[in-house]
Amino acid sequence: VIHLGQPEHSVVTTCAYCGVGCAFKAEMKGSEVVRMVPYKDGQANRGHSCVKGRFAWGYATHADRIMKPMIRSKITDPWQEVTWDEAINHAASEFRRLQGQYGRDSIGGITSSRCTNEETYLVQKLIRAAFGTNNVDTCARVCHSPTGYGLKQTLGESAGTQTFDSVMQADVVVVMGANPSAGHPVFASRLKRRLRQGAKLIVIDPRQIELVSSPHVKASYHLQVRPGTNAAILTSLAHVIVTEGLVDEAYVAERCDTKSFNEWRAFVSREENSPEAMADVTGVAADLVRGAARLYATGGNAAIYYGLGVTEHSQGSTSVMGIANLAMATGNVGREGVGVNPLRGQNNVQGSCDMGSFPHELPGYRHVSDATVRAQFEAAWGVTIQPEPGLRIPNMFEAALGGSFKGLYCQGEDIVQSDPNTQHVAAALSAMECIVVQDLFLNETAKYAHVFLPGSSFLEKDGTFTNAERRISPVRKVMAPRTGKADWEVTVALSNALGYPMNYTHPREIMAEIAALTPTFSGVSYEKLDALGSIQWPCNEAAPSGTPIMHIDRFVRGKGKFMPTQYIATDEKVTRKFPLLLTTGRILSQYNVGAQTRRTPNVMWHDEDVLEIHPHDAEERGVREGDWVGIASRAGETVLRATVTERVQPGVVYTTFHFPESGANVITTDNSDWATNCPEYKVTAVQVTPVAQP
Ligand code: SF4
């Protein structure tokens, strides 16, 4: 039911879906939301919104919400409702039992990119200070961890370089491995506006996304790469730029590290990296690559926007660095209209990474091995912090299967549905003795849990989210927590029960602590957020109102560093048994695993994931529009309905992953990025065969 009625008051807050971070006025009647109105002064959205955000309150009051804490001894037992104190004391005593029995590092936690900065900061603090281990990771592991790594190596900061508004100064825009029309609709509208004004577009994607050819927008080039060959296409673009004399030599000489540039130049110049030599690998005609490279290098201000189609590969980090190399070589970093811009999938992916949710980094991307940084946190927190990195999510699974990892605190993340190779995840969770899930709903992961702590929606708490342009925006409480506690209060209670007291009374105190301990946040406060509306970090003494464009006079790391981008084929090869490559993406009306959007009344309902298959491949298999097909990979099998379309090339199939029953991750494999373990969701060799309706 979509509520309609006259609002009595309103609260300005931030959308909890994608990384655009639109501001909304939640209009209220008593304690009920009447409607969500895009906020005209919202600095990320400027009065616009998409269909998801417009209706983003229905799930908060959905009947599926779990309102009471629950415990059970075995996962085959029925859940038993208990009080908050009983559930939290039980979880704490189980975690302490496991540490006593199996050692300090036998437990860990996962933070959520959907929770606020303050909440993710608290979870990593709880893991490091109360658990005493660095076994903390974030769901950004499975999406943009290569962005964090790749941009830090090349530019010196694990974040995008621009504001969204900057696209209005771009003359050439590259969209690579992203589908903004579906994933980041409000940014897509702004991009289309710029394209209608005459900016040129280059799309690099295995699929014909909407931007390639829509009624008002046509891409100048669509490099329809074979899945898994991004590093090859980026290297061949670089080959053209270097060998055709299109490098911005003055910029590189002034701004970049000469040694790394010379090595990179020598490498990409090799004939084996030319578009002609790479065409068999990438599947893209050499003349298209040459044309796109010339346009990018000579067309004026050139900006690159990329998404999970870049990061979720075995060479995800390589490709992120390849993008940064192109931008530096052509002088396209450090002013309006240019830059390297990761389109973050979830509302607070940027923030969860900023807040120290990685096992090797404390807040502000500072390595745990740095004794000076550790000393700062140790003094503030009154504990000893371990100097060695902890376990990443996939390492936690391996350790669980090996018998050394026994307990997990998982806040706001459905790892069973969203991590690859579901069977492997399920086996790892089954091997643990205590799993504590904190979520709005009994999600797929909760099937393996022993303690369930009810979560709170973004409408029920104060805090901040940080969007894809590093913009910290206020999240304001619209209604009281329906379960009695906001997520940050649950973490505080758990920490207290573990014997590590946390005494916060409001998230503003948590932000004050973040600011005191994190140089890029040192100027951030709730008062300033109220005054300015939002703030793009770094916000400190040097930039008291924040930093819209980064790396203006110099790179954060000093000189920009070129990194090698040698293409290495993924292990996930097509064979006679698995002759097609499956890749995945999103649709406009659903959000990620759909836990929220599937429970939200919406005007554009999309009720199943389907498999896109090219007419040629469909005909070969006797598959017609709407038929049910089995999809088998080396990891597993699932069944979907097929749609026959030329949006995908022959040899490539595509699906979305919004519904648990479609089992997209039953078939994805364990392959992952060499640097960060980000799963290779985007390349799975499969066979497709017609089946009877399940
Ligand atoms: Fe804005 Fe993204 Fe929310 Fe849509 S889903 S309203 S684009 S933040």
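These lines cover the structure that appears in this document, whether it is placed above or below.

Cut-offs used in this document
- Residues numbered from 1 in each chain as written.
- Predicted model: local features only at pLDDT ≥ 70, side-chain atom pairs only at ≥ 80, totals over all residues.
- Heavy atoms only, no water.
- Helix = DSSP H or I, 4+ residues; strand = E, 2+ residues; numbered from the N terminus.
- Rg over C-alpha atoms; globule rule 2.2 N^0.38 Å.
- Buried < 20%, exposed > 50% of the residue type's maximum accessible area, 1.4 Å probe, protein only.
- Contact = heavy atoms within 4.5 Å.
- Areas by Shrake-Rupley, 256 points an atom, 1.4 Å probe, with all protein chains shown as cover.
- Lys, Arg positive; Asp, Glu negative; His and termini not counted.
- Charge placed at Lys NZ, Arg CZ, Asp CG, Glu CD.
- Pairing = 2+ DSSP bridges.
- Axes fitted to C-alpha atoms, helices over the stretch in contact; angles between N-to-C directions.
- Near = heavy atom within 4 Å.
- Nonpolar A, V, L, I, M, F, W, Y, C, P; charged D, E, K, R; others polar.
- Expected span 1.5 Å × (residues − 1).
- Phe/Tyr/Trp six-rings, centres within 6.5 Å; stacked < 30°, edge-to-face > 60°.
- Lys NZ or Arg CZ within 6 Å of the ring centre and 35° of its normal.
- Core = buried A, V, L, I, M, F, W, Y, C linked by side-chain atoms within 4.5 Å.
- Salt bridge = Lys/Arg side-chain N within 4 Å of Asp/Glu carboxyl O.

## Some remarks on the overall build of the chain
Link 1 in the chain: Of regular secondary structure, the chain possesses 23 helices and 28 strands.
Link 2 in the chain: The C-alpha atoms of the chain give 24 Å as radius of gyration, which agrees with the globular expectation for 694 residues (26 Å, within 12%).
Link 3 in the chain: Across its three principal directions, the C-alpha atoms of the chain cover 70 × 65 × 55 Å.
Link 4 in the chain: Taking all 694 residues of the chain together, the buried fraction comes to 65%.
Link 5 in the chain: At a minimum sequence separation of 6, the contacts of the chain that also span at least 24 residues come to 74%.
Link 6 in the chain: As displayed, the chain offers around 23400 Å² of accessible surface, 51% of which is attributable to carbon and sulfur atoms.
Link 7 in the chain: On the chain, the mean spot of the 66 positive side-chain charges and the mean spot of the 72 negative ones are 3 Å from each other.

## Some points on the sheet that holds strand S20 (residues 463-466)
What holds strands together in a sheet is hydrogen bonding between their backbones, with the strands either parallel or antiparallel.
Link 1 in the chain: Pairing in this open sheet of 3 strands is antiparallel, and the strands run S20-S21-S22 from one edge to the other. Either end of the sheet is taken by a strand with one partner, and the two such strands are S20 and strand S22 (535-536).
Link 2 in the chain: Taken together, the 4 bridges between S20 and strand S21 (residues 471-475) define a ladder with antiparallel strand orientation. Bridge pairing in S21 places Thr-466 opposite Ile-472.

## What to know about the sheet that holds strand S2 (residues 23-29)
Link 1 in the chain: Strand order in the open sheet formed by 3 strands is S1-S2-S3, and the pairing between neighbours is antiparallel. Of all the strands in the sheet, the pair left with one neighbour each is strand S1 (9-14) and strand S3 (32-38). Across the sheet, the mean angle from the axis of one strand to that of its neighbour is 30°, orientation sign disregarded.
Link 2 in the chain: Sheet analysis places S1 next to S2, joined by 6 bridges and oriented antiparallel.

## Thoughts on the site of the ligand
Link 1 in the chain: As a matter of local geometry, the ligand sits amid Cys-15, Tyr-17, Cys-18, Gly-21, Cys-22, Phe-24, Cys-50, Lys-52, Gly-53, Pro-185 and Val-186.
Link 2 in the chain: Of all the secondary structure elements, the ones that give two or more residues to the shell around the ligand are helix H1 (51-54) and helix H6 (185-196).
Link 3 in the chain: Looking at the shell around the ligand residue by residue, the class counts come to 8 nonpolar, 2 polar and 1 charged.

## Description of helix H11 (residues 286-298)
Link 1 in the chain: With 13 residues, H11 extends 18 Å between its outermost C-alpha atoms, agreeing within 8% with the 18 Å of an ideal straight helix rising 1.5 Å per residue.
Link 2 in the chain: Those residues of H11 that sit buried are Ala-286, Val-289, Arg-290, Gly-291, Ala-292, Ala-293, Leu-295, Tyr-296 and Ala-297.
Link 3 in the chain: Two residues or fewer after H11 comes Gly-300, characterised by a positive phi angle close to 100°.

## Description of the packing of aromatic side chains
Link 1 in the chain: By the definition in use, this model includes 12 aromatic pairs.
Link 2 in the chain: On the numbers, 5.1 Å between centres and 65° between planes, the contact of Phe-261 with Phe-562 is edge-to-face. Highlighted residues: Phe-261 in helix H9 (residues 258-269) and Phe-562 in the loop between S22 and strand S23 (580-585), separated in sequence by 301 residues.
Link 3 in the chain: Overall, Phe-562 belongs to the buried group, its relative accessible area being 3%.
Link 4 in the chain: One aromatic cluster is present, built from ring pairs that chain together Tyr-121, Phe-377 and Trp-381.
Link 5 in the chain: Over the ring of Tyr-654 we find Arg-207, and its NZ or CZ is 3.9 Å from the ring centre.

## Points about the side chain of Gln-350
Link 1 in the chain: Along the chain, the position of Gln-350 falls in helix H14 (residues 349-354).
Link 2 in the chain: Here Gln-350 falls in the buried class, since its relative accessible area comes to 0%.

## Structural notes on the nonpolar core
Link 1 in the chain: Residues Phe-95, Tyr-121, Leu-126, Trp-381 and Leu-494 are the most contacted members of the largest nonpolar core, which totals 62 residues.
Link 2 in the chain: Ranked by the residues each element gives to this core, the list is headed by helix H3 (residues 117-131), at 8 residues.
Link 3 in the chain: Discounting residues that sit within four places of it in the chain, Tyr-121 has contacts with Met-355, Pro-363, Trp-381, Tyr-504, Ile-510, Glu-513, Ile-514 and Leu-517.

## Section: the pairing of strand S14 (residues 339-342)
Link 1 in the chain: Alternating residues of S14 divide into Gly-339 and Asn-341 and Val-340 and Pro-342, and every residue in both groups is buried.
Link 2 in the chain: Inspection of the sheet shows strand S13 (residues 302-306) paired to S14 by 4 bridges, in the parallel sense. Bridge assignment links Ile-304 to a residue of S14, and that residue is Val-340.

## Concerning unusual backbone geometry
Link 1 in the chain: The step from Trp-537 to Pro-538 runs through a cis peptide bond, and the omega angle for that step is 0°.
Link 2 in the chain: Tracing the backbone through its elements, the reader meets Pro-538 in the loop between S22 and S23.
Link 3 in the chain: Phi at Arg-46 is positive, roughly 50°, even though this residue is not glycine.
Link 4 in the chain: Among the secondary structure elements, Arg-46 is positioned in the loop between S3 and H1.

## Describing the environment of Pro-69
Link 1 in the chain: Note that Pro-69 resides in the loop between H1 and strand S4 (70-71).
Link 2 in the chain: By relative accessible area, Pro-69 is classed as buried at 2%.
Link 3 in the chain: Spatially, the C-alpha atoms of Pro-69 and Thr-483 are 8.8 Å apart, while their sequence positions differ by 414 residues.

## Here's the deal with the pairing of S20
Link 1 in the chain: Side chains Gly-463 and Phe-465 of S20 all project onto a buried face; the interleaved residues Thr-464 and Thr-466 project onto the opposite face, where all are buried too.
Link 2 in the chain: The hairpin turn running from S20 into S21, its antiparallel successor, is 4 residues long, and Arg-470 in that turn takes a positive phi close to 65°.

## Brief notes about helix H18 (residues 422-430)
Link 1 in the chain: Within H18, burial applies to Thr-422, His-424, Val-425, Ala-426, Ala-428 and Leu-429.
Link 2 in the chain: Among the structural elements, helix H16 (393-402), strand S17 (407-411), helix H17 (415-418), strand S18 (434-439) and helix H23 (664-667) are those in contact with the buried residues of H18.

## Observations regarding the pattern of salt bridges
Link 1 in the chain: Counted under the stated rule, the structure contains 31 salt bridges.
Link 2 in the chain: With its nearest N and O atoms 3.0 Å apart, the salt bridge here joins Arg-97 to Glu-433. A residue pair is termed long-range when its members are at least 10 positions apart, and Arg-97 in helix H2 (residues 84-102) and Glu-433 in the loop between H18 and S18 qualify at 336 residues.
Link 3 in the chain: For Glu-433, a relative accessible area of 25% corresponds to the partly exposed category.
Link 4 in the chain: The partner of Arg-294 in a salt bridge is Glu-244, and the shortest N-O contact between them spans 2.8 Å. Of this pair, Arg-294 sits in helix H11 while Glu-244 sits in the loop between helix H7 (230-243) and helix H8 (249-255), and the two are 50 residues apart along the sequence.
Link 5 in the chain: Taking relative accessible area as the criterion, Arg-294 reaches 37% and is therefore assigned partly exposed.
Link 6 in the chain: A relative accessible area of 29% means that Glu-244 is categorised as partly exposed.
Link 7 in the chain: Here the residues in one salt-bridge network are Glu-94, Arg-97, Lys-406 and Glu-433, joined through shared partners.

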